[in-house]
Amino acid sequence: MESIRKAALPEDAVRYRLFAATGAGAEALLRRCAEVIMVRFAPLLATYIWQRQPFRLRYVPPRGGETPAHLSGTTLFGDNVEDEWFIVYLIREITREFPGVAARIDDNDGEFLLIEAADFLPKWLNPENSDNRVFFYKGELHIIPLSETQEQEWDLSAASPTISQALTLLSAHSEEFLAAEPIRTAVYKRINGYPEKIQASLHRAHCFLPAGIVAVLRQRPSLVAAAVEAFYLRDPVDLRPCRSFHTFPPDERVMAVVTFTKCLYAQLVQQKFIPDRRSGYTLPLPSHPQYKAYDLGMKLAHGFEILCSKCLKLSPDSKRNALSSPLWERFLCSLKEKNYFKGELEGSKKYMELLHMAEDYFKQSVAKPESYAEVSPGDEIMTLLQKTTIDMKEFEREAACLPPEDDDSWLEITPDDLDQMLKESRDESFPPSNQEEQKYDLEAVAESMKAFVSKVSTHEGAEMPWSSDESHVTFDVDSFTKALDRILGADSEELDSDDLDEEEEFDLSDEDDEDFDPENQQQDQNESPNELIGSLKSYMKEMDRELAHTNVGKSFTTQKKGASSVNATMSQNAGPDSGAEDTELAPVDVDTNLVTNLLESYSAQSGLAGPTSNILQSMGVYLPENADHVSSNKGA
């Protein structure tokens with residue numbers, strides 16, 4: 001049932017639920033929590049510009065014995081994923097304010113908090129058994145583990161607990177279920193900086209707008225999101241009302257400062273759009289100093305006109321006004337007690353701006369959907385236009401002394417900036433830019449590759465051995481041999497299938513030279529495994545002698561006595577004449593050949609992404625640029 005409800009979530013939606021950790025007085029606790037939350041977080045939520053839908057909680061009665069009563073909400077965040085992480089911050093703060101409340105949060109991907117900390121999760125935790133195990137409780141992230149018997153057996157297909165079972169376990173063992181520090185650090189890193197981070201996500205820009213839109217945005221700044229979305233998702237049918245512009249004609253326009261989120265601003269400024277000539281909206285030349293303000297204003301005007309063309313035009317009495325309810329009066333009194341208006345004189349300009357924001361927040365997030373009908377953005381815009389008096393002279397005076405707009409250079413990201421962002425997301429830093437300060441240990445490169453090959457890979461992929469807190473990878477030969485013996489049986493001792501195949505092929509090749517002799521066959525069967533291994537080694541030595549005189553043999557670097565494997569001097573095998581005199585061939589230097597091939601592969605990447613750099617960087621190993629290749633390019 002849980003998986004069915006999760007599948008019903010849209011791609012860009014996040015769901016959050018607040019439960020009473022103990023069953024006693026759950027309903028009273030949750031209702032009191034809902035009333036306090038809307039006042040406690042009003043200063044943040046009233047000024048926040050949501051991409052599509054706001055944060056909103058509603059009471060849900062218990063369903064059956066598995067899902068107790070709770071506060072629930074679902075928010076569509078669209079293209080702005082920061083809305084989702086801001087809600088994570090809110091949920092954590094709510095559980096900190098109410099120690100008796102436990103919260104769950106997920107989206108269409110499931111437990112996206114675990115996805116954020118995927119590198120640090122325990123082995124037993126997977127998408128199949130993670131439902132109802134991840135909670136915020138007392139301001140911290142908790143993960144309910146498998147039961148003791150299941151954990152010992154590592155039953156990865158174990159069923160997830162129900163919500164009621166999880167809450168009972170969580171309230172009794174909260175300290176034991178606290179998520180590991182690396183997991184909490186990875187999740188908290190995404191919400192660090194709130195609430196100050198909200199201001200950093202805003203962008204203020206000059207826009208040449210109709211006076212009616214300026215007046216509407218002064219009272220409802222959040223309507224800019226609906227207007228941008230209407231323009232961004234427009235179709236030819238939506239643009240039909242924009243040929244005549246009955247609501248926002250271009251006759252009376254004024255310069256104003258509009259506050260966007262960075263996501264909304266990017267969506268608007270990156271759209272290439274030419275208005276219909278019948279609309280009356282014209283743009284100056286791109287070289288004009290205020291071209292961007294004219295362009296942004298024209299696009300916003302189209303968005304507002306599209307919204308108003310879709311309004312239902314209902315009479316004021318046909319809907320119950322949420323601001324005339326006793327709940328609004330209690331909410332307003334609570335705001336005054338919390339000093340929301342910051343001592344501003346009632347009726348002053350600043351007081352009215354804060355009041356309009358509080359009204360907007362109340363109607364979007366506090367008023368119960370089942371009691372008050374949802375008002376479309378177009379209806380709200382038309383209502384505000386009817387109630388608002390537009391003073392063009394005042395707007396023109398303010399336009400003469402506008403504050404400077406924000407720099408939008410953050411829209412342009414260079415490849416170096418992108419690399420830096422990717423490395424910061426992995427808590428890594430660039431190696432020093434000065435080549436003289438760089439110290440590359442080739443032995444570390446070889447050992448890293450050996451450790452990678454020694455790791456176990458499954459159908460889910462290969463594990464990277466590198467970690468800042470992981471010990472050196474070791475390989476126990478005796479344990480590995482014993483494990484093979486148990487798998488292959490006693491008859492296959494010290495021989496694998498490849499060796500047997502080679503033996504058979506060699507025997508078959510001699511059938512043309514010798515007649516089949518049953519006595520010889522019986523003698524071969526009586527040979528001990530050690531004798532078979534000895535004969536196999538002699539065959540391998542003969543093959544090495546033959547290959548030593550070919551191009552294949554000369555392509556390998558051999559070891560020199562007294563030299564380490566990687567730091568040995570790179571030298572090729574001797575020629576055919578001298579090789580014939582050597583009674584024993586020098587062994588191949590595996591490490592040196594490995595590093596040489598890796599460097600050649602890395603050089604062939606020409607600075608682009610490739611298999612060598614990807615594998616080594618994932619293990620924390622960085623290779624220098626090919627200085628010879630760079631100098632040759634400069635010379636050319």
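Residues numbered from 1 in each chain as written. Predicted model: local features only at pLDDT ≥ 70, side-chain atom pairs only at ≥ 80, totals over all residues. Heavy atoms only, no water.

- By the naming in an unreviewed UniProt entry, the protein goes by ECD protein and is assigned to Heliornis fulica.

1. Topic: unusual backbone geometry
In most cases, non-glycine residues show a negative phi, while peptide bonds are predominantly trans.
Moving on, step 1. Here the amide bond leading from Tyr 194 into Pro 195 is cis, since omega sits at 5°, within 30 degrees of zero.
Moving on, step 2. Tracing the sequence through the fold places Pro 195 in the loop between α8 (181-191) and α9 (197-200).
Moving on, step 3. You will see that Asn 132, though not glycine, has its phi angle at about 60°, which is positive.
Moving on, step 4. Residue classification places Asn 132 among the buried positions, given a relative accessible area of 6%.
Moving on, step 5. Of note in this structure, Phe 245 is not a glycine but carries a positive phi near 55°.
Moving on, step 6. With respect to the secondary-structure elements, Phe 245 resides in the loop between α11 (223-232) and β8 (253-261).
Moving on, step 7. Take Phe 245: its relative accessible area is 2%, and that puts it in the buried class. (Helix = DSSP H or I, 4+ residues; strand = E, 2+ residues; numbered from the N terminus. Buried < 20%, exposed > 50% of the residue type's maximum accessible area, 1.4 Å probe, protein only.)

2. Points about the pattern of salt bridges
Moving on, step 1. Inspection of every chain in the model, using the stated rule, returns 21 salt bridges.
Moving on, step 2. Among the salt bridges present, the one from Asp 12 reaches Arg 52, with a minimum N-O distance of 3.2 Å. Here Asp 12, found in the loop between α1 (2-7) and β1 (13-20), pairs with Arg 52, found in the loop between α3 (42-45) and β2 (58-60); they are 40 residues apart in sequence, far enough to count as distant.
Moving on, step 3. Classification of Arg 52 by relative accessible area gives partly exposed; the value is 41%.
Moving on, step 4. For the salt bridge of Glu 93 with Arg 96, the shortest nitrogen-to-oxygen distance reads 3.4 Å. Here Glu 93 pairs with Arg 96, and both are found in helix α4 (residues 82-97), just three residues apart, close to one helical turn. (Salt bridge = Lys/Arg side-chain N within 4 Å of Asp/Glu carboxyl O.)

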